[in-house]
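The residues making up each chain are set out below.
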Amino acid sequence: MRIIFTTICLLFFTSLVSAQIEQGKFYINAQSGISFNSVNSEFETGSYAKSEMKSKQFTFAPSIGYFAGDGLLIGLSVPYRSQKNEDEDGDETKSNSISFGPFARYYFDNGGSKTKPYLHGGLGVGASTTHSGSNKMEYRLSNYELGGGLAIFFHKNIAIDLGLIYSNSTQKYKEDSDVKLKTKNLAFNVGFTFCL
């Protein structure tokens, strides 16, 4: 039994040796990020209000994709975010969100190097829930993100992704679309990429 398992593993990894970021290959990514930063948020309720907040955020964003051309990746991402904000008065707000949407990424050929710089852009729609004290608010979410980074291939098919992503999201309160929360964020993300 051990010999059969070892043989299957060797065949699997041998078949992966020729793959990388070429046209026709598939992409699987498990990306996460933790950020501690200052977030500029605007909360609109008909009259304009703006506040500065301290924020702690955790993101987990699995994604799948397909290389439509050499270096050109298109795919679908499903990011989950958990965030804790503290405003200027020390009041805390916790929120969770999940969204899904398309993304595109372009890896630059770096002369056969194991490091590949890339540019990334994506869109998403979803839902979020915010808890502030005993209050709970549910929102519809739309966002976009732009960024770039570096994929470091330590195997032909496996890379560590280091990325810097700017995201801009708008959350509209489900019961009153005039109530909006707009958030702009810059985060450093780390992930693992598999190209099959």
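Source: prediction; values computed, not measured. (Residues numbered from 1 in each chain as written. Predicted model: local features only at pLDDT ≥ 70, side-chain atom pairs only at ≥ 80, totals over all residues. Heavy atoms only, no water.)

(A) Structural detail: the nonpolar core. Within the largest apolar cluster, 11 residues are counted, these being Ile21, Tyr27, Phe67, Leu73, Phe103, Tyr107, Tyr118, Ala151, Phe153, Ala159 and Cys195. Elements represented by at least two residues in this core include exactly strand 5 (92-107) and strand 7 (135-153). If sequence neighbours within four positions are ignored, Ala159 has contacts with Ala151, Ile152, Phe153, Phe154, Gly191, Phe192 and Thr193. (Core = buried A, V, L, I, M, F, W, Y, C linked by side-chain atoms within 4.5 Å. Buried < 20%, exposed > 50% of the residue type's maximum accessible area, 1.4 Å probe, protein only. Helix = DSSP H or I, 4+ residues; strand = E, 2+ residues; numbered from the N terminus. Contact = heavy atoms within 4.5 Å.)

(B) Expanded view of the packing of aromatic side chains. Counted by the stated rule, this structure contains eight aromatic pairs. Plain terms: the ring middles of Tyr106 and Phe108 are 5.1 Å apart, the flat faces sit at 85 degrees to each other, and that makes the pair edge-to-face. On the basis of relative accessibility, which here comes to 37%, the residue Tyr106 falls in the partly exposed class. Among the aromatic residues, those joined into a ring-pair cluster are Tyr27, Phe67, Phe103, Tyr107 and Tyr118. Over the face of the ring belonging to Tyr118 we find Arg105, whose NZ or CZ atom lies 4.0 Å from the ring centre. (Phe/Tyr/Trp six-rings, centres within 6.5 Å; stacked < 30°, edge-to-face > 60°. Lys NZ or Arg CZ within 6 Å of the ring centre and 35° of its normal.)

(C) Broad picture of the side chain of Thr193. Within the secondary structure, Thr193 is located in strand 9 (residues 180-195). Thr193 gets classed as buried once you look at its relative accessible area, which sits at 0%. A polar atom in the side chain of Thr193 sits 2.9 Å from the side chain of Asp161. With residues near it in sequence (within four places) discarded, Thr193 still touches Tyr27, Ile28, Asn29, Tyr107, Asn157, Ile158, Ala159 and Asp161. (Polar contact = N/O pair within 3.5 Å; in protein donor to acceptor, adjacent residues only side chain to side chain.)

(D) Spatial organisation of empty space enclosed by the protein. Considering all chains together, one arrives at two cavities of 30 Å³ or more under this definition. If you add up the space inside the largest cavity, you get close to 250 Å³. For the lining of the largest cavity, the elements supplying multiple residues, two or more each, are strand 1 (26-44), strand 2 (50-69), strand 5, strand 6 (115-132), strand 8 (158-173) and strand 9. The element contributing the most residues to the lining of the largest cavity is strand 8, with five residues. Residues that form the lining of the largest cavity fall into these classes: eight nonpolar, 11 polar and four charged. Considered as a void within the structure, the second largest cavity measures approximately 70 Å³ in volume. (1 Å grid on protein atoms, 1.4 Å probe; cavity = no way out; pocket = protein on both sides within 12 Å on 5 of 7 lines; lining within 4 Å. Points joined across faces, edges and corners; volume = space filled by probe spheres on them. Nonpolar A, V, L, I, M, F, W, Y, C, P; charged D, E, K, R; others polar.)

(E) Fine view of the pattern of salt bridges. All chains considered together, the criterion is met by five salt bridges. For Arg81, the salt bridge is made with Glu145, and the minimal N-O distance between the two is 3.6 Å. Here Glu145 lies in strand 7 and Arg81 lies in strand 4 (residues 80-87), a separation of 64 residues in the sequence. (Salt bridge = Lys/Arg side-chain N within 4 Å of Asp/Glu carboxyl O.)

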